[in-house]
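# Observations on the model geometry
If you want the building blocks of each chain, they are given just below.
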Amino acid sequence: MFTIMNSASVGKMRLGVFFLFFVGLAACTTTQKIDSGEMAMEYKQYYLATQLLKDEIQATQYTEAKARKAFLIGRSSEQMNDWEEARHWYEKAYDWGYGQPALYRLGLALKRSENYEEAVRIFKQLYGQEPNNQSYRREIAAVQQALLRMESAKKDSIEIEHWDYNSPHSDFAPVIRDDIMYFSSDRRTSTGDELYQWTGQKFMDVFEWPMKAAGISPKPTDLPLNTADHEGGVAFHPNGQELVFTRCAQEDIHYDLYCRLYSSVRVDGRWTTPEPLPFLEPEVNYMHPAFSSDGSTLYFSSDHPDNIGLQDLWQVRYEDRSWGMPRNMGQRINTLGREGFPTIFEDTLFFSSDYRVGMGGYDIFSSYEHPRLGWLPPQPLPYPINSGSDDMSYLITERTSSGTSGYFVSSRGSSSLGDNIYQFFHHPVEEDTTVVDEESLLTLEIRVKGEVYRQLNDPNSGILERKALSDARLDIIEGSNIQSRSTNFRGSYEMPVQPNREYFIVASADGFLNKSTTFSTFGIPEGTEEVYLVELVLPQKITNQEIVLENIYYDFDESDIRSDAALVLDTLTQLLSDNPDISIQLNSHTDCRGDESYNQELSQARAQSAVDYLIRNGIDRNRLTAQGFGESRPEVECLCELCTEEEHQANRRTSFTILSDD
């Protein structure tokens with residue numbers, strides 16, 4: 001939720017919503033005199049930048065210069081999480097002629113303030129000017145869904161109160177242990193004298209507050225955690241004798257600052273000096289630790305090179321005080337954007353995302369791991385828990401028949417430019433647990449087919465037909481509801497569906513691999529009477545046989561994955577995500593040209609590149625094996641000097657093998 005700037009450059013983080021997200025930019029201080037607002041922005045000194053730019057606007061007579069400086073003030077205000085100030089300056093920039101960039105950022109600022117009607121008007125105006133711009137189209141859909149969620153919210157069932165001990169600064173990442181709340185803050189009593197140049201505030205410390213001691217204010221924690229650097233995000237192991245937390249510090253005077261995970265153990269009544277976790281890699285940020293309910297898994301967020309997006313959720317096994325190798329949580333959880341702030345209650349994972357469709361900013365989502373289907377599609381928490389502002393750190397403290405209570409963090413309605421802690425009470429309401437409405441005018445027909453190959457059990461021979469699969473199993477997930485159905489003798493199943501819903505469908509059948517898809521009714525006009533068709537074609541499950549991946553090509557003498565090959569590997573990623581119980585061997589072959597030992601090394605490197613790509617897309621490395629065969633297993637037998645280019649290409653192939661359980 002914070003970026004670090006002291007006397008050196010910073011490793012890819014922003015302040016605004018501290019410890020939470022990365023912007024992929026290095027920020028640094030300088031001994032040079034900063035003499036302009038743009039120079040201050042270059043060095044990520046946004047608080048100073050806004051002051052200088054405002055002075056420069058007053059000093060210039062040129063409208064074009066005023067427009068640019070107003071736009072930059074808006075961008076600086078965003079970085080400090082002051083969206084109301086950003087909105088004001090984007091309006092000025094647009095009025096002074098800055099054009100579409102200012103109008104787009106104005107739409108985002110209006111979305112943050114929950115002025116959805118005006119925001120959607122702006123995005124529609126922009127989309128009308130650029131109908132091929134997917135960002136505009138995505139924002140229109142997001143704002144329309146936010147309006148629907150706000151209108152349908154059962155507001156009376158959720159009470160939200162501002163925590164009494166919030167400061168005028170940022171307070172976030174609460175966690176409770178033994179009736180003590182631990183949280184992070186940059187309030188004035190933080191350790192150290194230096195100010196963080198991004199915002200002009202102090203550095204972060206961990207504070208503690210005795211929940212049952214009335215009238216006692218929070219104080220810096222007695223745990224041996226705080227230094228003059230940033231600290232926060234404490235995770236206590238269920239045994240109460242171990243903890244993990246985030247510290248963002250400069251490791252060497254010449255290097256960037258990065259956030260790392262540290263652990264401390266309670267020995268003879270005292271906490272040991274924190275030590276970094278053993279799996280940390282250089283120049284990678286790690287933060288937001290959270291233990292599973294049984295303490296066997298640690299969840300965290302990172303900008304690791306194996307990520308799907310800018311910031312992903314990861315998990316790592318922890319047994320007998322020994323750490324395993326972390327693995328990405330995969331495409332069901334992570335997006336192209338940023339995921340962070342995981343918390344766990346019983347078997348449910350809560351986390352924040354800025355890319356999934358929500359109310360605006362960072363919204364809180366929940367998911368859990370199904371024993372057969374893996375991690376289920378995350379569902380947004382209701383309004384007003386989620387809002388147009390940044391919302392995160394959903395912490396349940398009690399769940400009874402009378403409701404659920406706890407805390408969360410939000411940047412809404414704050415007099416500060418940061419985040420505050422809020423308490424919530426979610427009272428149960430009578431819900432309609434029926435997944436479908438028999439009177440719905442919308443009907444979904446799901447057809448399930450299976451591939452039949454030209455040669456028995458040989459996927460490489462081509463598809464002869466796609467036959468209807470009767471009695472195929474369908475798992476249909478809508479929100480927290482899961483229903484299981486079977487296809488009829490025609491391989492079909494029909495169901496009425498509700499407007500403004502999203503359905504996640506997994507099809508499975510004996511002898512075939514699972515396949516999933518998502519069907520959404522968002523955006524379908526009310527009163528529409530229509531039948532929609534979804535078809536799922538399942539590949540046969542054939543083990544211990546090479547299946548050639550078409551169109552996997554490499555540049556000459558190279559092992560890097562090309563963009564055209566990436567599209568094919570994305571399909572394989574989806575197959576592995578839908579079938580969490582299978583493991584594969586990725587195989588690579590070369591043609592006969594070149595030295596035999598060199599071809600062996602090259603094919604191994606190519607196979608490993610494909611495996612690394614799958615890992616970056618969230619597939620557990622323990623399910624993947626890379627195997628290069630060089631020129632030892634040609635598909636087409638021919639004398640090397642007489643082979644045609646087509647025969648060389650057939651031999652220069654990439655394939656995968658589904659490994660049997662034996």
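The preceding data block contains the structure.
What you are looking at is a predicted structure, and each value in this text was computed from that prediction instead of being measured.

## Focus: the state of the cysteines
Under the criterion given, the structure shown has three disulfides. Each disulfide pairs two cysteine sulfurs, and for Cys248 the partner residue is Cys259, the sulfurs being separated by 1.7 Å. Because the torsion about its S-S bond is 100 degrees, the bridge between Cys248 and Cys259 counts as right-handed. With Cys248 in strand β11 (residues 242-250) and Cys259 in strand β12 (residues 257-267), this pair connects stretches of sequence that are eleven residues apart. The class of Cys248 is buried, set by a relative accessible area of 0%. A disulfide bridge connects Cys592 with Cys640, and the sulfur atoms are separated by 2.1 Å. For the disulfide bridge between Cys592 and Cys640, the dihedral angle about the S-S bond is near 100 degrees, and by the sign convention the bridge is right-handed. With Cys592 in the loop between β37 (584-589) and α9 (596-616) and Cys640 in the loop between β38 (624-630) and α10 (645-651), this residue pair connects regions lying 48 residues apart in the sequence.

## Brief notes about the environment of Tyr286
Relative to the helices and strands, Tyr286 is located in strand β15 (residues 286-291). A sequence separation of 14 residues divides Tyr286 from Phe300, and the C-alpha atoms of the two residues are 6.9 Å apart. Not counting residues within four places of it along the chain, the set of residues in contact with Tyr286 comprises Thr246, Cys259, Arg260, Leu261, Phe279, Leu280, Glu281, Phe300, Ser301, Ser302 and His304. Here Glu281 takes part through its backbone nitrogen, which lies 2.9 Å from a polar atom of the side chain of Tyr286.

## Some words on the pairing of strand β31 (residues 481-486)
With six bridges connecting them, strand β30 (residues 473-478) and β31 associate as antiparallel partners. The residue of β31 that forms the bridge with Glu478 is Asn481. Linking two consecutive strands that pair antiparallel, namely β30 and β31, is a turn of two residues; a positive phi of about 65 degrees is found at Gly479 within it.

## Let's talk about the sheet that holds strand β3 (residues 158-162)
Each strand in a sheet pairs with another by means of backbone hydrogen bonds, the pair being arranged parallel or else antiparallel. Taken together, the four strands give an open sheet; going across it, the order is β3-β27-β26-β25, and neighbouring strands pair in antiparallel fashion. A strand with exactly one partner marks an edge of an open sheet, and here the two such strands are β3 and β25 (391-400). When the angles between neighbouring strand axes are averaged without regard to direction, this sheet yields 20 degrees. Pairing analysis gives seven bridges linking β25 to strand β26 (residues 403-410), with the strands arranged antiparallel. The residue bridging Met392 from the neighbouring strand is Val409, located in β26.

## A look at the sheet that holds β31
With antiparallel pairing, four strands are arranged side by side in an open sheet as β31-β30-β33-β34. Strands with a single pairing partner mark the edges of an open sheet, and in this sheet they are β31 and β34 (515-520). Each strand axis lies, on average, 20 degrees off the axis of its neighbour in the sheet, ignoring direction. Pairing of strand β33 (residues 502-508) with β34 involves six bridges; the strand directions are antiparallel. For Glu502, the partnering residue across the bridge sits in β34 and is Ser520.

## Overview of the packing of aromatic side chains
The full count for this structure, using the stated rule, is 24 aromatic pairs. On the numbers, 4.6 Å between centres and 20 degrees between planes, the contact of Phe71 with Tyr98 is stacked. With Phe71 in helix α3 (residues 63-79) and Tyr98 in the loop between α4 (83-95) and α5 (100-112), this pair connects stretches of sequence that are 27 residues apart. On the accessibility criterion, Phe71 (10% relative accessible area) is buried. Given a relative accessible area of 26%, Tyr98 falls into the partly exposed group.

## A word on the pattern of salt bridges
Note on pairing: side chains with opposite charge can pair once their charged atoms come close. Per the stated rule, a full pass over the model turns up 32 salt bridges. In this structure, the salt-bridge partner of Arg87 is Glu84, at a minimum N-O distance of 2.8 Å. A residue pair is termed a helical-turn pair when its members lie 3 or 4 positions apart in one helix, as Arg87 and Glu84 do in helix α4 at three residues. A relative accessible area of 46% means that Glu84 is categorised as partly exposed. The salt bridge involving Arg372 is made with Asp475; its shortest N-O contact spans 3.0 Å. Of this pair, Arg372 sits in the loop between β22 (363-370) and β23 (374-375) while Asp475 sits in strand β30, and the two are 103 residues apart along the sequence. By relative accessible area, Arg372 is classed as partly exposed at 31%. The structure contains a network of salt bridges with shared partners spanning Asp591, Arg593, Glu645 and Arg652.

## Points about the environment of Glu530
Looking at the secondary structure, you find Glu530 in strand β35 (residues 530-538). Here the alpha-carbon distance between Glu530 and Thr443, two residues 87 residues apart in the chain, equals 6.3 Å. Discounting chain neighbours no more than four positions away, the residues touching Glu530 are Leu441, Leu442 and Thr443.

Thresholds applied
- Residues numbered from 1 in each chain as written.
- Predicted model: local features only at pLDDT ≥ 70, side-chain atom pairs only at ≥ 80, totals over all residues.
- Heavy atoms only, no water.
- Disulfide = S-S within 2.5 Å.
- Helix = DSSP H or I, 4+ residues; strand = E, 2+ residues; numbered from the N terminus.
- Buried < 20%, exposed > 50% of the residue type's maximum accessible area, 1.4 Å probe, protein only.
- Contact = heavy atoms within 4.5 Å.
- Polar contact = N/O pair within 3.5 Å; in protein donor to acceptor, adjacent residues only side chain to side chain.
- Pairing = 2+ DSSP bridges.
- Axes fitted to C-alpha atoms, helices over the stretch in contact; angles between N-to-C directions.
- Phe/Tyr/Trp six-rings, centres within 6.5 Å; stacked < 30°, edge-to-face > 60°.
- Salt bridge = Lys/Arg side-chain N within 4 Å of Asp/Glu carboxyl O.

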